[in-house]
Amino acid sequence: VDLSVKKLQDIVELLREAQHAWAFTGAGVSTESGIPDFRSANSGLWSEIDPMEVASVEGFLHDTPRFYEFWRWRFGILSQAKPNHTHHWLADLEQKELLQGVMTQNIDGLHRKSGSQAVYELHGCYEQGSCIQCQHPYTIEQIFERAQADGHPHCDQCSGLLKPNVTLFGESLPEAFYEAFVELGQCDLLLVLGTSLEVFPAAEMVPQVKHRGGRVVLINAEATGMDGLADVVVHNKLKDVIPALIEMV
Ligand SMILES: [Zn+2]
């Protein structure tokens, strides 16, 4: 097993030394709150679905009712989910001024719900949506209401189609993404948690910090293509690592 006390001590020491540490989180953080990573198998009802059909701009435009059928299922899970040990730990580190905040690929809003103040949602958040034509804002509940009739939710202002504010494949990234990259210019420690670093350009965060001389800690259940860039690598589930770190910080 990979979980040595030495590695945990190294992580704590890096956190204490850093002036501008940020966390960078992915699906592995959310799965421990019971949110399935729909890009991997085992999503029950939807296990045989092609993510491109329900998570791409083409899929959204091509078959909007199917897109909303999927999102209604996913919304049921997201709205029930509660922050876990990792969310709470990061919020606590921020409060103790050992961490600047969190940059997340997750769209579930759980970092904010756990009390993290500085949160960059790199791929948006499911709770809000907007009209794709006039950008008028709607909550996800308002969108579902308007989708009830025929699966096509339309804008009250201009009758444009409504979309949740989550970044779909084939879509441009939100402002928060670019703001986060600017913020990384100061970052001297990136705590990478629960991501396989396969989604670009978000995964560019790691080489970005490394090339500027920053440190990288990587905790993920499986090996990633960027393990070689990290100063400390731990291959364990977060639920086996974070409680031990909580004891130490
Ligand atoms: Zn509109």
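It should be noted that the structure appears before, not after, this text.
Figured I'd write up the structure that's included with this text. (Residues numbered from 1 in each chain as written. Predicted model: local features only at pLDDT ≥ 70, side-chain atom pairs only at ≥ 80, totals over all residues. Heavy atoms only, no water.)

## Topic: the overall build of the protein
Here is the rule: Helix and strand assignments come from DSSP, with helices taken as H or I runs of at least 4 residues and strands as E runs of at least 2, each series counted from the N terminus. With the radius of gyration taken over C-alpha atoms, the globule rule is written as 2.2 Å times the number of residues to the power 0.38. Throughout, exposure labels follow a simple rule: accessible area from a 1.4 Å probe, protein chains only, divided by the maximum for the residue type, with under 20% read as buried, over 50% as exposed, and the rest as partly exposed. Residue contacts follow a heavy-atom distance rule, with two residues in contact if any of their heavy atoms lie within 4.5 Å. The protein chains shown are the only cover counted for residues, whose accessible areas, like all others here, come from Shrake-Rupley with a 1.4 Å probe.
Helix and strand counts for the protein stand at 11 helices and nine strands. Over its C-alpha atoms the protein spans a radius of gyration of 19 Å, differing by no more than 12% from the 18 Å that the globule rule assigns to 249 residues. Taking the principal axes of its C-alpha atoms as reference, the protein extends roughly 60 × 35 × 30 Å. Scored against the burial criterion, the 249 residues of the protein give a buried share of 49%. Pairs at least 24 apart in sequence give 66% of the contacts found in the protein among residues at least 6 apart. As displayed, the protein has an accessible area near 11,600 Å², and 48% of this comes from carbon and sulfur atoms.

## As for the pairing of strand E8 (residues 215-219)
Short version of the rule: Pairing between strands is defined by DSSP: at least two bridges between them are needed. Assignment of crossover handedness uses the view with strands pointing away from the viewer, where a clockwise path from the first strand over the helix to the second indicates a right-handed crossover.
E8 sits mainly inside the fold: four of its five residues count as buried. Bridge count between strand E7 (residues 189-193) and E8: five bridges; the pairing is parallel. Residue Leu-189 lies in a different strand from E8, and its bridge partner there is Arg-215. Taken together, E7, helix H10 (residues 205-211) and E8 constitute a β-α-β crossover, and its handedness is right-handed. With three bridges joining them, E8 and strand E9 (residues 232-234) adopt parallel strand pairing. What sits directly across from Ile-219, in E9, is Val-234.

## Let's talk about the nonpolar core
Heads up, the condition is: Nonpolar cores were defined as sets of buried Ala, Val, Leu, Ile, Met, Phe, Trp, Tyr and Cys residues, with membership established by side-chain atoms within 4.5 Å.
If you look at the biggest cluster of nonpolar residues, it comprises 27 residues, and the most contacted ones within it are Tyr-68, Trp-71 and Tyr-126. Where this core is concerned, the elements lending two or more residues are helix H5 (64-80), strand E4 (124-131), helix H8 (140-147) and strand E6 (162-166). Sort the elements by how many residues they give to this core and H5 lands first, with six residues. Beyond its immediate chain neighbours, meaning those up to four positions away, Tyr-126 contacts Trp-71, Phe-75, Leu-78, Ser-79, Ile-107, Asp-108, Lys-113, Ile-140 and Val-166. Core analysis: the next-biggest nonpolar cluster, separate from the first, contains 26 residues, Val-102, Leu-193, Leu-238 and Ile-242 among them.

All quantities given are derived from atomic positions and should not be read as evidence of function.
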